[in-house]
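# Structural description and commentary
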Amino acid sequence: MNVVHRPLSRSWPSGVVWLVLGLVLSACSGQPSTDLLTEDQRTWLATDGPIRVGATSTIAPAVVVVDGQVTGGWAMALTELMALKVGAQLETVIFDDPGEAVEALRDGSIDILPGLAARPDLTSFAQPVDTLAHTPVAFAVGPDATDILSTANLDGRTVTSIPGSVVEERILAEYPELRYVPAASIPDAVGAVYEGDVDLWAGPLALTTHVLRQQDRGTLRVVGEPIDVAEVSAWGRANSPPLEILRVGRSLVSPTEMSVIHVQWTGFDLTDPDQRALPTWLVPLLWAGLALLLVFAGGVALLRQQVRARTAELAALNATLEETVAHRTQALRSQSVELSEANANLLRSNDALARFARRVAHDIRGPLAAIKGFAQMATREGISPTVRQTSLETIQSSATTLADLVSEMLADARAVVPNAEAPVTTDELRTWLVDFTALQASRVGGTVSLTSNHDTVDAPVTTLKQVLLNLVGNSLKHGDRPGITVAVLLRRTDSATPTWTVTVDDDGQGIPPDQRELVFESGYRTPTASDMGSGLGLAACRDAVVAHGGSITAEESPTGGTRIRFTLPVTEPIDEVQPDDVTEVDLR
């Protein structure tokens, strides 16, 4: 046994670390969910951790070991992702042989063994964390065996596979006409088929493809349909704390994260063996996703350039202010408090801008990685309809998430008090709101309505539209009920200070009472919220409303869902609005 202890993340390629960390941040909003662990599990991590993970170089691409170091593999990547979800640390133990790793798991030298399919020597004492992949098993024929056309003419042929696996058991039981030759290792087996020493290889297609890439060989020809689908996972001793801790982390891993990691290491989406056939009308979505990626990348580049320029200006101004303070402090003691406050405000402004830039980078990483990974996979030649289906559906979902994020970030970035604006009629505002939310409403079969006690709405129109778009979008996105109804009511109160009161009611899942204040904090998401949100939308609404001297609250609606109520002032009538007086942003 060759045992090496090292933190797993230190030996990964930087591109994979970026990918996995981006996905983790998108799913967890930057914080591990340690609150989902029991007190005993947290105690185990503090006293007996880190979790010891076994690795062997003979099961690539599930686990990839190069020169005695773990360099990746989809099972290792998912094991670390599950640990990161709950704030657990991992330590790898490398073995020369899978049998040694199994015995180490049995006697407690390691806690988790990822990547092995179900084997007879594991089932008596080990349990899986959960299914991490569904990998099809097929007969792969070498380039010289051109007379083998299907599984119907395999009599007398020689097949090789890995001894001790469920694949070997199935070959021996269902194909007695074959001559079976066990292989010393997976690379040796695939190489023997490619060189013509044996006729066929029986094993997972994703694994075969990975080994062929490493050996710089062409693709083997598959005979017939796959004969089985093997579930692959990470194994632990029954009811052990490390096993239960990773099961909690597995419950937090999204299908998108699973798919992107599989594609990164195998070129296949291994998440679901029962996918639907690909509708032809979805094909253009691939090109739409690629176009959106290019446009969004250009917008992000421009935004980063503007952020850098503004940061440099603020840094230069800050330096100048500090120099001025230093020269005047001795002579102007009476003004020291005022100058200190000005300097603190400047630092807070600079820090707010930096936080906004970090939020932009944080929230776009996950959707961008998913679009890129699945766009690459969907354009491969020979890809199956089921894999292409999942790829395009994921591109569509990620593109929708990106569009929502752009709207929320723009709203958050420009939460300032605008100049006077021309009022709009209630009919115009209703038409605008219904049109802008039609796509989201159609996805969930929902309806959106707007009523008012005045024919003309003389409130800050830009801010009103911004807040309504965020609130109605939240109801449709997080309502968790097909056919959700969203009703908007605008009521003007003519008192000493005329005010517009706006309520947005839905009949969705609602917000728990103890979280109705927290949802307006930047980055906060309720535990039951959809994984498409970023936690920025309601914070942006609060900032926009408060900037006008209004207020915003969350409560239960009469229909049992959520009611958001906010106020805005009545604007003064204007004769003409100059182009420089109003900033308009198309939130579509």
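Residues numbered from 1 in each chain as written. Predicted model: local features only at pLDDT ≥ 70, side-chain atom pairs only at ≥ 80, totals over all residues. Heavy atoms only, no water.

## Quick look at the overall build of the protein chain
- Helices and strands together make up the secondary structure of the protein chain, namely 17 helices and 19 strands.
- The proportion of buried residues among the 588 residues of the protein chain is 47%.
- Considering only intrachain contacts with a sequence separation of at least 6, the fraction spanning at least 24 residues in the protein chain is 74%.
- Counting only carbon and sulfur atoms, one obtains 53% of the accessible surface of the protein chain, whose full area is about 28000 Å². (Helix = DSSP H or I, 4+ residues; strand = E, 2+ residues; numbered from the N terminus. Buried < 20%, exposed > 50% of the residue type's maximum accessible area, 1.4 Å probe, protein only. Contact = heavy atoms within 4.5 Å. Areas by Shrake-Rupley, 256 points an atom, 1.4 Å probe, with all protein chains shown as cover.)

## A short note on the nonpolar core
- Among the nonpolar cores identified, the biggest contains 52 residues, and I51 and W74 are the most heavily contacted of them.
- At eight residues, the largest contribution of residues to this core is made by helix α3 (residues 74–85).
- Each residue touching W74, except ones within four places of it in the same chain, is listed here: P61, A62, L132, A133, V232, I261, H262, W265 and T266.
- Listed in part, the 37 residues of the second largest apolar core include L469, I511, L538 and A544. (Core = buried A, V, L, I, M, F, W, Y, C linked by side-chain atoms within 4.5 Å.)

## Side note on the sheet that holds strand β16 (residues 485–493)
- Taking strand neighbours across the sheet as the criterion, the five strands line up as β14-β16-β17-β19-β18 in an open arrangement whose pairing is mixed. One side of each edge strand has no neighbouring strand; the edge strands of this open sheet are β14 (447–452) and β18 (552–556). Strand-to-strand twist of the sheet, defined as the mean angle between neighbouring strand axes without regard to direction, takes the value 15 degrees.
- In this structure, strand β17 (residues 499–506) lies alongside strand β19 (residues 562–569), joined through seven bridges in antiparallel fashion. (Pairing = 2+ DSSP bridges. Axes fitted to C-alpha atoms, helices over the stretch in contact; angles between N-to-C directions.)

## Side note on unusual backbone geometry
- In this structure, P50 follows G49 across a cis peptide bond, with omega equal to 0 degrees.
- The backbone phi angle of D67 is positive, close to 55 degrees, even though this residue is not glycine.
- Within the secondary structure, D67 sits in the loop between β3 (64–66) and β4 (69–72).
- Look at N239: it is not a glycine, yet its phi comes out positive at around 60 degrees.
- Among the secondary structure elements, N239 is positioned in the loop between β12 (221–237) and α9 (241–251).
- Given the relative accessible area of 62%, N239 is considered exposed.

## Focus: the pairing of strand β2 (residues 51–56)
- With five of six residues buried, β2 lies mostly within the body of the structure.
- Across six bridges, the pairing between β2 and strand β5 (residues 90–95) is parallel. Counted as the bridge partner of V53 is T92 from β5.

## As for the side chain of T426
- In this structure, T426 sits in helix α14 (residues 426–436).
- Classification of T426 by relative accessible area gives buried; the value is 6%.
- Within the structure, T426 has its side chain in polar contact with the backbone oxygen of H454 (distance 2.5 Å).
- With sequence-adjacent residues up to four places away left out, T426 is seen in contact with L450, S452, H454, D455, T456 and V457. (Polar contact = N/O pair within 3.5 Å; in protein donor to acceptor, adjacent residues only side chain to side chain.)

## Considerations on the pairing of β4
- In this structure, β3 lies alongside β4, joined through three bridges in antiparallel fashion. For V66, the partnering residue across the bridge sits in β4 and is Q69.
- Linking two consecutive strands that pair antiparallel, namely β3 and β4, is a turn of two residues; a positive phi of about 55 degrees is found at D67 within it.

## Overview of the pattern of salt bridges
- Evaluation of the coordinates by the stated rule reveals 15 salt bridges.
- Residues R52 and D111 are paired through a salt bridge, measuring 3.0 Å at the closest nitrogen-oxygen approach. Of this pair, R52 sits in strand β2 while D111 sits in the loop between α4 (98–107) and β6 (112–117), placing them 59 residues apart in sequence.
- Judged by relative accessible area, D111 falls into the buried class, the value being 1%.
- Two residues, E103 and R106, come together in a salt bridge whose shortest N-O distance is 3.6 Å. Residue E103 and its partner R106 are both found in helix α4; the two are separated by three residues, about one turn of the helix.
- In this structure R106 comes out as partly exposed when scored by relative accessible area, which is 36%.
- Through salt bridges that share partners, R52, D111 and R237 make up one connected network. (Salt bridge = Lys/Arg side-chain N within 4 Å of Asp/Glu carboxyl O.)

## Quick word on the packing of aromatic side chains
- On inspection of all chains with the given rule, the structure shows one aromatic pair.
- Ring geometry for F139 and Y175: centres 5.1 Å apart, planes at 90 degrees, overall edge-to-face. Of the two residues, F139 is situated in strand β8 (residues 133–141) and Y175 in the loop between α6 (166–174) and β10 (179–182); the sequence distance between them amounts to 36 residues.
- F139 sits in the buried class, given a relative accessible area of 1%. (Phe/Tyr/Trp six-rings, centres within 6.5 Å; stacked < 30°, edge-to-face > 60°.)

## What about the packing of α14 against helix α16 (residues 461–478)?
- Running from amino to carboxyl end, α14 crosses α16 at an angle of 40 degrees, the nearest separation of the two axes being 11 Å. Looking at the two axes, α14 sits oblique to α16. The chirality of how α14 crosses α16 is right-handed. Every residue of α16 that contacts α14 at L429, W432, L433 and F436 is listed here: L464, K465, L468, L469 and V472.
- Split by residue class, the contact of α14 with α16 holds eight nonpolar, no polar and one charged. (Parallel < 35°, antiparallel > 145°, perpendicular 65-115°, else oblique. Left-handed = near helix turned anticlockwise from the far one by under 90°. Nonpolar A, V, L, I, M, F, W, Y, C, P; charged D, E, K, R; others polar.)

## Brief notes about the confidence of the model for the protein chain
- Mean pLDDT for the protein chain: 77, with 76% of residues reaching 70 or above.
- Between residues 275–283, whose pLDDT stays under 50, and residues either more than four places distant or in other chains, the model counts 17 contacts. (pLDDT = per-residue confidence, 0-100.)

## Here's the deal with α4
- What α4 keeps buried is the set P98, A101, V102, A104 and L105. Summarising the axial view, the buried residues of α4 lie within an arc of 160 degrees, below the 170-degree limit, and thus occupy one face. (Arc of directions from axis to C-beta.)

## Structural notes on the environment of P114
- Relative to the elements of secondary structure, P114 occurs in strand β6.
- For P114, a relative accessible area of 0% puts it in the buried group.
- Among residues more than four places away in sequence, those in contact with P114 are V53, G54, I59, V63, A75, M76, T79, S233 and A234.

## As for the packing of α3 against α9
- Interaxial distance between α3 and α9 falls to 7 Å at its minimum, and their mutual angle equals 90 degrees. Between α3 and α9, the crossing angle belongs to the class labelled roughly perpendicular. Between α3 and α9, the contacting residues are T79, M82, A83 and K85 on the first element and L246, G249 and R250 on the second.

## Comments concerning the environment of V486
- Mapped onto the elements of the fold, V486 is located in strand β16.
- The buried category is assigned to V486, whose relative accessible area is 0%.
- As for V486 and D505, which are separated by 19 residues in sequence, their C-alpha atoms are 5.7 Å apart.
- When near neighbours in sequence (up to four residues on either side) are disregarded, V486 contacts T447, V448, S449, V472, S475, L476, V504, D505 and D506.

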